[in-house]
Amino acid sequence: MLRHLIDPTDLTVEETEAIVALAERIIAHREQYREACKGRKLATLFYEPSTRTRLSFTSAMLELGGQVIGFSDAASSSVSKGETVADTVRVIRCFADIIAMRHFKEGAPLVASQYAGIPVINAGDGSHAHPTQTLTDLLTVKREKGRFDHLTIGFCGDLKFGRTVHSLIKALSRYAGIRVILISPEELRLPDYMLQEMQANSQLTFREVRTMEEVMPELDILYMTRVQKERFLDEEEFDRVKNSFVLDAAKLTRAKPDMVILHPLPRVNEIAREVDNDPRAAYFRQVENGKFVRMALILTLLEWADGNRPFDRTPVFNEPYLVNELKCANRRCIAATEDVDQLFRRGEDGICRCAYCETKAPSDCR
Ligand code: CP
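Residues numbered from 1 in each chain as written. Predicted model: local features only at pLDDT ≥ 70, side-chain atom pairs only at ≥ 80, totals over all residues. Heavy atoms only, no water.

Let's shift gears to the site of the ligand. Around the ligand, the neighbouring residues are Ser50, Thr51, Arg52, Thr53, Arg102, His130, Gln133, Pro264 and Leu265. A distance of 3.0 Å separates a nitrogen atom of the ligand from a polar side-chain atom of glutamine 133. The separation between a nitrogen atom of the ligand and a polar main-chain atom of leucine 265 is 3.1 Å. Within the complex, the protein chains bury 92% of what would otherwise be the 260 Å² of accessible surface of the ligand. The residue makeup of the shell around the ligand, split by class, is 2 nonpolar, 5 polar and 2 charged. Counting contributing residues per domain, the shell around the ligand is built from domain 1 (8–130 + 288–305) and domain 2 (131–285), each supplying no fewer than three. (Near = heavy atom within 4 Å. Polar contact = N/O pair within 3.5 Å; in protein donor to acceptor, adjacent residues only side chain to side chain. Areas by Shrake-Rupley, 256 points an atom, 1.4 Å probe, with all protein chains shown as cover. Nonpolar A, V, L, I, M, F, W, Y, C, P; charged D, E, K, R; others polar. Domains from an automatic or database assignment.)

We now examine the domain arrangement of the protein. Examined at the domain level, the protein breaks down into domain 1 (8–130 + 288–305), domain 2 (131–285) and domain 3 (319–366). The straight-line distance from the C-alpha centre of domain 1 to that of domain 3 is 25 Å. Across the boundary between the two partners, domain 1 contributes 15 residues, which contact 15 residues of domain 3. Summing the contributions of domain 1 and of domain 3, the shared interface buries around 1100 Å²; its carbon and sulfur component is 50%. Summed over the shared surface of domain 1 and domain 3, the number is 0 salt bridges. Linking domain 1 with domain 3 are 7 residue pairs in polar contact (both at pLDDT 80 or more), by the criterion used here. (Contact = heavy atoms within 4.5 Å. Buried area = accessible area lost by both parts, 1.4 Å probe. Salt bridge = Lys/Arg side-chain N within 4 Å of Asp/Glu carboxyl O.)

A separate point is the environment of leucine 297. Tracing the backbone through its elements, the reader meets leucine 297 in helix α10 (residues 283–305). Take leucine 297: its relative accessible area is 0%, and that puts it in the buried class. Along the primary structure leucine 297 and threonine 132 are separated by 165 residues, whereas in three dimensions their C-alpha atoms are 8.5 Å apart. Residues within four places of leucine 297 in sequence aside, it is in contact with Leu5, Ile19, Ile121, Thr132 and Leu135. (Helix = DSSP H or I, 4+ residues; strand = E, 2+ residues; numbered from the N terminus. Buried < 20%, exposed > 50% of the residue type's maximum accessible area, 1.4 Å probe, protein only.)

Let us look at the sheet that holds strand β2 (residues 67–71). Here we have 4 strands laid out as an open sheet, ordered β2-β1-β3-β4, and parallel in their pairing. Each edge of the open sheet is held by one strand with a lone partner, namely β2 and β4 (120–125). Each adjacent strand pair in this sheet contributes to an overall mean axis angle of 15 degrees, direction not counted. Sheet analysis places strand β1 (residues 41–46) next to strand β3 (residues 98–103), joined by 5 bridges and oriented parallel. Within β3, the position partnered with phenylalanine 46 by the bridge is arginine 102. Most of the contacts of helix α3 (residues 85–92) go to β3, to which it runs at about 155 degrees, and overall it touches β1 and β3. (Pairing = 2+ DSSP bridges. Axes fitted to C-alpha atoms, helices over the stretch in contact; angles between N-to-C directions.)

What follows concerns the packing of helix α5 (residues 131–145) against α10. It is at 8 Å that the axes of α5 and α10 come closest, and there the two elements cross at 115 degrees. Helix-helix and strand crossings are classified by hand; for α5 and α10 the assignment is right-handed. Along its contact with α5, which presents Thr132, Gln133, Leu135, Thr136, Asp137, Leu139, Thr140, Arg143 and Glu144, the element α10 presents Arg285, Gln286, Asn289, Gly290, Phe292, Val293, Arg294 and Leu297. (Left-handed = near helix turned anticlockwise from the far one by under 90°.)

So, about the packing of aromatic side chains. Within this structure, the stated rule accounts for 5 aromatic pairs. Note on phenylalanine 148 and tyrosine 175: the rings are 5.3 Å apart at their centroids and 50 degrees apart in plane angle, and the pair reads as tilted. One end of the pair, phenylalanine 148, is in the loop between α5 and β5 (151–156); the other, tyrosine 175, is in the loop between α6 (163–172) and β6 (178–183), with 27 residues separating them in the sequence. Both rings, one in phenylalanine 317 and one in tyrosine 321, keep their centres 6.2 Å apart while their planes meet at 75 degrees; by these two values the pair is edge-to-face. A residue is classified by how much of its surface remains accessible, and tyrosine 321, at 11% relative accessible area, is buried. (Phe/Tyr/Trp six-rings, centres within 6.5 Å; stacked < 30°, edge-to-face > 60°.)

What follows concerns the environment of valine 323. Here valine 323 is to be found in strand β10 (residues 322–323). Judged by relative accessible area, which is 53%, valine 323 ranks as exposed. A C-alpha to C-alpha distance of 5.8 Å links valine 323 and glutamine 342, two positions 19 residues apart in sequence. Ignoring sequence-local partners within four residues, the contact set of valine 323 consists of Phe317, Gln342 and Leu343.

What follows concerns the pairing of β4. Within β4, 6 of the 6 residues are buried, leaving the element largely enclosed by the surrounding structure. Relative to β4, β3 runs parallel, the two sharing 4 bridges. Note that in β4 the partner of isoleucine 99 across the bridge is valine 120. Handedness of the β3-helix α4 (residues 108–115)-β4 crossover: right-handed. (Right-handed = clockwise from strand over helix to strand, strands pointing away.)

For the rest of this paragraph, the subject is the sheet that holds strand β7 (residues 204–209). Spatial ordering of the open sheet is given by β7-β6-β5-β8-β9, a layout of 5 strands whose pairing is parallel. Looking at strand neighbours, the two that pair on one side only are β7 and β9 (260–262), the edges of this open sheet. Shown here is a sheet whose adjacent strand axes are inclined to one another by a mean of 20 degrees, direction ignored. Across 6 bridges, the pairing between β5 and β6 is parallel. Within β6, the position partnered with glycine 154 by the bridge is isoleucine 181. The strands touched by helix α7 (residues 192–200) are β6 and β7; relative to β7, the strand with the most contacts, the crossing angle is about 140 degrees.

Put into structure tokens, the structure is as follows:
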């Protein structure tokens, strides 16, 4: 059956763990997978800059024996002439078997999945989600800590715009004994929809603090993030918070000897260079895991899509959304700039939210 990865929870816990386990098998037996995607093509549609995600997808497909097409700069494609996401992917499906899309608009990969007729992978949409970074993080947690449950994790830095944080919290909140500690300045707190989801989750505990020093001894994992200049609409606000947190060797003296330091990268100044040689610094091992887990994901989605037939008509919704007359108020949402169906869904907390970006609906959507 045709499946996409738009949000980390599109995969069940069992499916997520199966992809992580497949990545571990690929690491152990790389030669067995050299021709696994022979004759298949991946299209990487990157409307936003990327080093790790785009090149690890490319490297993953090449290592599976497949080929890669795509663009890394939307200005060099017909997007610059005003082509919509929906039309772009209807074209790309004629040339490729699977799509990895990064877009500055939240929800763009969800729109792509409604029109493509081939598997679509969200490679990061605005400040919203980054599910393949989550798979990367989970494989790293598995290899470094040996488990996904009963962990205390500090998320530090830009929790407002940090899509990798949003996605990893969602994925880990399905496990028992997870304690989340949110370390950020007031201006960069986790979005309300994430806080509400966490409050509604009885098996997860969380608290917010303002310094990493006060929680360092408790942490099993410290997940550092960059303050993302490109997401700020107000430069003065960026200047106020840009140097909020810097992890250095002195701060690490209070950390557990087996604490793991993760970072999705790129970093700017939030981890001092002196930390790189500390055995707890796992962020470059994390990058390498990203390639293997993307190999596992491509294999899995292509296998699920085998025998898939082209859509007779579009859009095709992969969930029973509420189609509504309401309009999402988030300026960063794809629904604000492209002619898409206004879709909403009710979360587990009973609140009605935009299906593309998860912003609370302007009023209830019955
Ligand atoms: N972690 C991550 O998404 O890095 P890139 O922006 O370089 O792809």
